[in-house]
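Topology and contacts: notes
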Amino acid sequence: MKQKGSYQVESLSSKKAELDRLSLQANTGLALEQELLHKSGLTSSMKALDLGCGNGIVSNQLSKLLKDGEVVGMDRSEELFNLASRKYLDVPNLSFVKGDVYDLPFQNESFDFVYARFLFQHLADPLKVLFEIKRVLKPEGVVSLIDVDDSWLMTHPEHQTFEQLKSAAAKCQRELGGDRFIGRKFNNYFEQAGFQIFNTEIRGVSDLDLGIKDFLTITTSFKFQQLNPEQKEIFADDYDQMIEDLMKGGYSLFAGVFNGVAKK
């Protein structure tokens, strides 16, 4: 079966490293994530769907925010579904399902809130998924999309290898059906999907927020993993030197988190 996008954790060269990165990304961004969720209109009694939930860390955090509500986490990966289901088995208002974002296994108007974080950058057909999200949203329901736009990912001073890696990884992801520049397109997708009320905000994040080591792990290690074998060989020595350069200090690192919110 042809892959419908640019991410399959099972296909990455270092699965353990990616699972560690996912956990780091989820735990490091919790404070910012909760801020954005509240701004998006999340309230404690909602029934929420966490799409592309991965290892379930964020779904579990959502369940704590929705004390009078319910959270369903969904992922297409059998491994991640099993991992999340086992880890959070005893959380009463949290459940997990394995499913396809292009054909959501839910009835119309099932959820008050749908959340998708760092999912849309991997979708070959984001608009189709957005129509599916709209279908399962209740009237007045809200969708919140958190994702990237690599035009906001930069170092100062500019590091040549960092820019080359960014470009090569974006090309690889595009060839697999993904889009490293998805953030700027949210409003356009919302309009095409027929949402009447929508907006996208950009939140800057720097190495001062995350620390240089965590910033690089979250934003850069996945890029290297996505390269094809030939490109990895080309970048191998330069990648290690780049990390060493940036870790020494004297560089500032920046990224942009795009938060697209629409109301049905």
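Everything that follows concerns the structure shown earlier in this document.
The present account deals with the structure reproduced in this document. This is a predicted model, so every value here is computed, not measured. (Residues numbered from 1 in each chain as written. Predicted model: local features only at pLDDT ≥ 70, side-chain atom pairs only at ≥ 80, totals over all residues. Heavy atoms only, no water.)

1. What to know about the overall build of the protein chain
Secondary structure assignment for the protein chain yields 10 helices and 8 strands. Along the first, second and third principal axes, the C-alpha atoms of the protein chain reach 50 × 35 × 35 Å. Out of the 264 residues belonging to the protein chain, those deemed buried represent 53%. Relative to all contacts within the protein chain whose residues are 6 or more apart in sequence, the contacts with residues 24 or more apart total 78%. Summing over all exposed atoms, the protein chain offers an accessible surface of approximately 12400 Å²; the carbon and sulfur share of this is 51%. (Helix = DSSP H or I, 4+ residues; strand = E, 2+ residues; numbered from the N terminus. Buried < 20%, exposed > 50% of the residue type's maximum accessible area, 1.4 Å probe, protein only. Contact = heavy atoms within 4.5 Å. Areas by Shrake-Rupley, 256 points an atom, 1.4 Å probe, with all protein chains shown as cover.)

2. What about empty space enclosed by the protein?
Per the counting criterion, the structure on display carries 1 cavity of 30 Å³ or more. Empty space within the largest cavity amounts to approximately 30 Å³. Forming the boundary of the largest cavity are Leu30, Glu33, Gln34, Leu37, Val58, Gln61, Leu62 and Leu65. If you list the elements that add at least two residues to the lining of the largest cavity, you get helix H2 (30-40) and helix H3 (57-65). For the lining of the largest cavity, the per-class residue count stands at 5 nonpolar, 2 polar and 1 charged. (1 Å grid on protein atoms, 1.4 Å probe; cavity = no way out; pocket = protein on both sides within 12 Å on 5 of 7 lines; lining within 4 Å. Points joined across faces, edges and corners; volume = space filled by probe spheres on them. Nonpolar A, V, L, I, M, F, W, Y, C, P; charged D, E, K, R; others polar.)

3. Observations concerning the packing of aromatic side chains
Inspection of every chain in the model, using the stated rule, returns 9 aromatic pairs. Ring geometry for Phe120 against Phe186: centres 6.3 Å apart, planes inclined by 85°, an arrangement best described as edge-to-face. With Phe120 in the loop between strand S4 (111-117) and helix H5 (126-136) and Phe186 in helix H7 (residues 186-192), the pair connects residues that are 66 residues apart, well separated along the chain. Here the two residues Phe120 and Phe186 agree in accessibility, since each one is buried. Each ring, one from Phe190 and one from Phe195, has its centre 5.8 Å from the other, and the planes form 75°; the classification is edge-to-face. Phe195 carries the same exposure label as Phe190, and that label is buried. Of the aromatic side chains, those joined through ring pairs into one cluster are Phe120, Phe186, Phe190, Phe195 and Phe198. Here Lys47 stacks its cationic end above the ring of Phe111, 5.1 Å away from the centre of that ring. Between the NZ or CZ atom of Lys134 and the centre of the ring of Phe195, over which it lies, the distance is 5.6 Å. (Phe/Tyr/Trp six-rings, centres within 6.5 Å; stacked < 30°, edge-to-face > 60°. Lys NZ or Arg CZ within 6 Å of the ring centre and 35° of its normal.)

4. Observations regarding the pattern of salt bridges
Inspection of the entire model under this criterion finds 14 salt bridges. Note that Glu33 and Arg117 form a salt bridge whose closest N and O atoms lie 2.5 Å from each other. Here Glu33 is found in helix H2, whereas its partner Arg117 is found in strand S4, with 84 residues between them in sequence. Taking the relative accessible area as the measure of exposure, Arg117 reaches 12% and is therefore buried. With a closest N to O distance of 2.9 Å, Arg203 and Glu35 form a salt bridge. Taken together, the positions of Arg203 in strand S7 (residues 197-206) and Glu35 in helix H2 put the pair 168 residues apart, joining distant regions of the chain. Members of the salt-bridge network, linked through shared partners, are Asp150, Arg180 and Lys223. (Salt bridge = Lys/Arg side-chain N within 4 Å of Asp/Glu carboxyl O.)

5. Points about the layout of surface pockets
Estimated volume of the second largest pocket: approximately 200 Å³. Lining the second largest pocket are 13 residues, and of these Lys39, Ser40, Asn199, Val261 and Ala262 lie nearest its centre. For the lining of the second largest pocket, the elements supplying multiple residues, two or more each, are H2, S7 and strand S8 (252-263). Residue classes in the lining of the second largest pocket are distributed as 6 nonpolar, 4 polar and 3 charged.

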